[in-house]
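# A look at the structure
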Amino acid sequence: MSLSAVVRAPTGPAVVTAGFLNTDWSPRDVPDGTITRNVVLRTADNAAVTGSLYMRGKPETVVCVMHPREFMACHYLIPDIVESGCAAWSQGSRSVGNDLRLEHEVALFDVAAGLNFLRAQQFKRIVLLGNSGGASLYAFYVQQSGLAGSRRLPHAPGGRPTNLATLDMPEVAGFMFVAPHPGQGLLLMGCIDPSVVDERDPLSVDPSLDPLDAENGFAEPPASSKYSPGFLERYRAAQRSRVAKLDAVARDMIAARMDARKKAKSGGSGGSGGDEQLRRRGAHTPIMTVWRTDADPRCFDLSIDPSDRAYGTLWGRDPRTSNYGAVGFARNCTPEAWLSTWSGLSSNAALVKTALSIQQPALLIEYTGDVSTFPGVAREIFAAIGTSQKSHIRVRGDHHGRALAKGEELGRNIAGGHIRDWLHEHFI
């Protein structure tokens, strides 16, 4: 999840995206003289994606910002990128605002379309900036782009052919991580509620695993809960078990559809009525509804992997509303999207699988009050990055780079300064 900010072109009106605004949030203008070019691109598989190019003068380096699910055209770091002397490219995927069918293997076609466009604009160097969920998407891209076509993943986790072998995937010169999480699947596996007894009943609860039960250490906010090591060990194992069960459900759904298609093609049951039912069954793509995906104990027990974070999650400070409500990670998705994006066991877009492939100069900026990437996770991500030319900088701020206390400088502004310095050191 990532928040876009306001970017005002000097000669035009501000564009505001939906986000979590508060009194500490403030927009910044791009530098005077910035030219903005908005484009629509066709991917190699003929989908339409959008992009915005911000630049002044004739920079040789372009920095790309993208998220698989979020609108990033007004990202808060664009002014800093342009101020550094680089161009900024903000791209939308085909799944912006609707990740029901988001498969990361397909999203690589969106990334490639943008980078091919930038290569055609004669930029000498392309640098990726992976913010939040954009980090795992871009790292997945780097991994696959560095392989010969024949060695790229032939199939997505749900079985769909990827066609990556023939995709033109320009290589990149550098990589910046800003408030990254380890991959959307691994993020979800850390916050999915394992006390669900029946996937068809969102209110079913196993009391022994209930994170909101005082017997297990829960305390009403704003007090911090206190979970025992034994409970946490059982909780984490049960989270993994629930994800494995959902993986099995997804695979069964896909298998039933593909089996019906196969039988329909081979003549079905011999009767026209039976053939028609097989065709319908083969066309039907069920939607998985996954309840209660916002229950990471680290968000309620601040003594676990302690940091500057406040009580609560990315979705809010009421643990019942955020966990039981209609809005949340992976709430509705196809079986293929579950396996590719939201499964911590099956997704290929996990930094533990891809970060070693990053051999380019890399910068990781961690916000010390982040409620999705905790200090231990940030250290693990940094250690996994393959290059020896890497830096890890910690900045006070929440996941979106907002201030942690009234009167403090915004973390995003401090992060922007570090990004300008790093770009100057390596690419300008």
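Just so you know, these numbers come straight off a predicted model, no measurement behind them. (Residues numbered from 1 in each chain as written. Predicted model: local features only at pLDDT ≥ 70, side-chain atom pairs only at ≥ 80, totals over all residues. Heavy atoms only, no water.)

The subject of this paragraph is the confidence of the model for the protein. On average, residues of the protein score 92 in pLDDT, and 92% of them are at 70 or above. This model gives residues 1-25 a pLDDT under 50, and the stretch forms 76 contacts once residues within four places in sequence are excluded. (pLDDT = per-residue confidence, 0-100. Contact = heavy atoms within 4.5 Å.)

With that out of the way, let us pick up the environment of Arg 94. Mapped onto the fold, Arg 94 is located in the loop between strand S6 (87-91) and helix H2 (104-120). For Arg 94, a relative accessible area of 30% corresponds to the partly exposed category. Among the polar contacts made by the side chain of Arg 94, one reaches the side chain of Thr 43 at a distance of 3.5 Å. In terms of polar contacts, Arg 94 uses its side chain to reach the side chain of Asp 45, at 2.9 Å. (Helix = DSSP H or I, 4+ residues; strand = E, 2+ residues; numbered from the N terminus. Buried < 20%, exposed > 50% of the residue type's maximum accessible area, 1.4 Å probe, protein only. Polar contact = N/O pair within 3.5 Å; in protein donor to acceptor, adjacent residues only side chain to side chain.)

Further remarks concern the packing of aromatic side chains. Inspection of every chain in the model, using the stated rule, returns 9 aromatic pairs. Ring centres of Tyr 227 and Phe 231 lie 5.3 Å apart, and the angle between their planes is 25°; this geometry places the pair in the stacked category. Note on Phe 231: relative accessible area 3%, which makes it buried. With 5.2 Å between their ring centres and 70° between their planes, Trp 315 and Phe 329 make a pair best called edge-to-face. Of this pair, Trp 315 sits in the loop between helix H7 (297-300) and helix H8 (319-324) while Phe 329 sits in the loop between H8 and strand S10 (332-333), and the two are 14 residues apart along the sequence. Under the relative-accessibility criterion, Phe 329 is labelled buried at 4%. These aromatic residues form a ring-pair network of at least three members: Phe 218, Phe 300 and Tyr 311. Against the face of Tyr 76 rests Arg 412, its NZ or CZ located 4.2 Å from the ring centre. (Phe/Tyr/Trp six-rings, centres within 6.5 Å; stacked < 30°, edge-to-face > 60°. Lys NZ or Arg CZ within 6 Å of the ring centre and 35° of its normal.)

Once that is clear, we can look at H2. Relative to the 24 Å expected for 17 residues at 1.5 Å per residue, H2 spans 24 Å between its end C-alpha atoms, a close match to the ideal helical length. Among the 17 residues that make up H2, 13 are buried, leaving the element largely enclosed by the rest of the structure. Positive backbone phi, at 75°, marks Gln 122, one or two positions downstream of H2. (Expected span 1.5 Å × (residues − 1).)

Taken together, the 8 strands give an open sheet; going across it, the order is S3-S4-S6-S5-S7-S8-S11-S12, and neighbouring strands pair in mixed fashion. In the strand order of this sheet, the two ends are held by strand S3 (35-42) and strand S12 (390-395), each with one partner. Each strand of the sheet is rotated relative to its neighbour by a mean of 20°, with strand direction disregarded. The strands that helix H12 (residues 411-427) touches are strand S5 (61-66), strand S7 (125-131), strand S8 (174-178), strand S11 (362-367) and S12; relative to S11, the one it contacts most, it runs at about 170°. (Pairing = 2+ DSSP bridges. Axes fitted to C-alpha atoms, helices over the stretch in contact; angles between N-to-C directions.)

Counting 45 residues, the largest nonpolar core has Trp 89, Leu 118 and Leu 128 as its most contacted members. When residues of this core are assigned to their parent elements, the largest contribution, 9 residues, is made by H2. For Leu 118, the contacting residues outside a window of four places in its chain are Leu 53, Val 62, Cys 64, Trp 89, Phe 123 and Ile 126. Counting residues in hydrophobic clusters, the runner-up holds 27 residues, among them Val 127, Met 176, Ala 179 and Phe 427. (Core = buried A, V, L, I, M, F, W, Y, C linked by side-chain atoms within 4.5 Å.)

With respect to the secondary-structure elements, Arg 331 resides in the loop between H8 and S10. No salt bridge is formed by the buried Arg 331; its nearest oppositely charged neighbour, Asp 294, is found at 7.5 Å. In this structure the side chain of Arg 331 is engaged in a polar contact, spanning 3.3 Å, whose partner is the backbone oxygen of Val 327. Look past the residues within four positions of Arg 331 in its chain and what remains in contact with it is Met 288, Thr 289, Val 290, Trp 291, Arg 292, Thr 293, Ser 322, Asn 323, Gly 325 and Ala 326. (Lys, Arg positive; Asp, Glu negative; His and termini not counted. Salt bridge = Lys/Arg side-chain N within 4 Å of Asp/Glu carboxyl O.)

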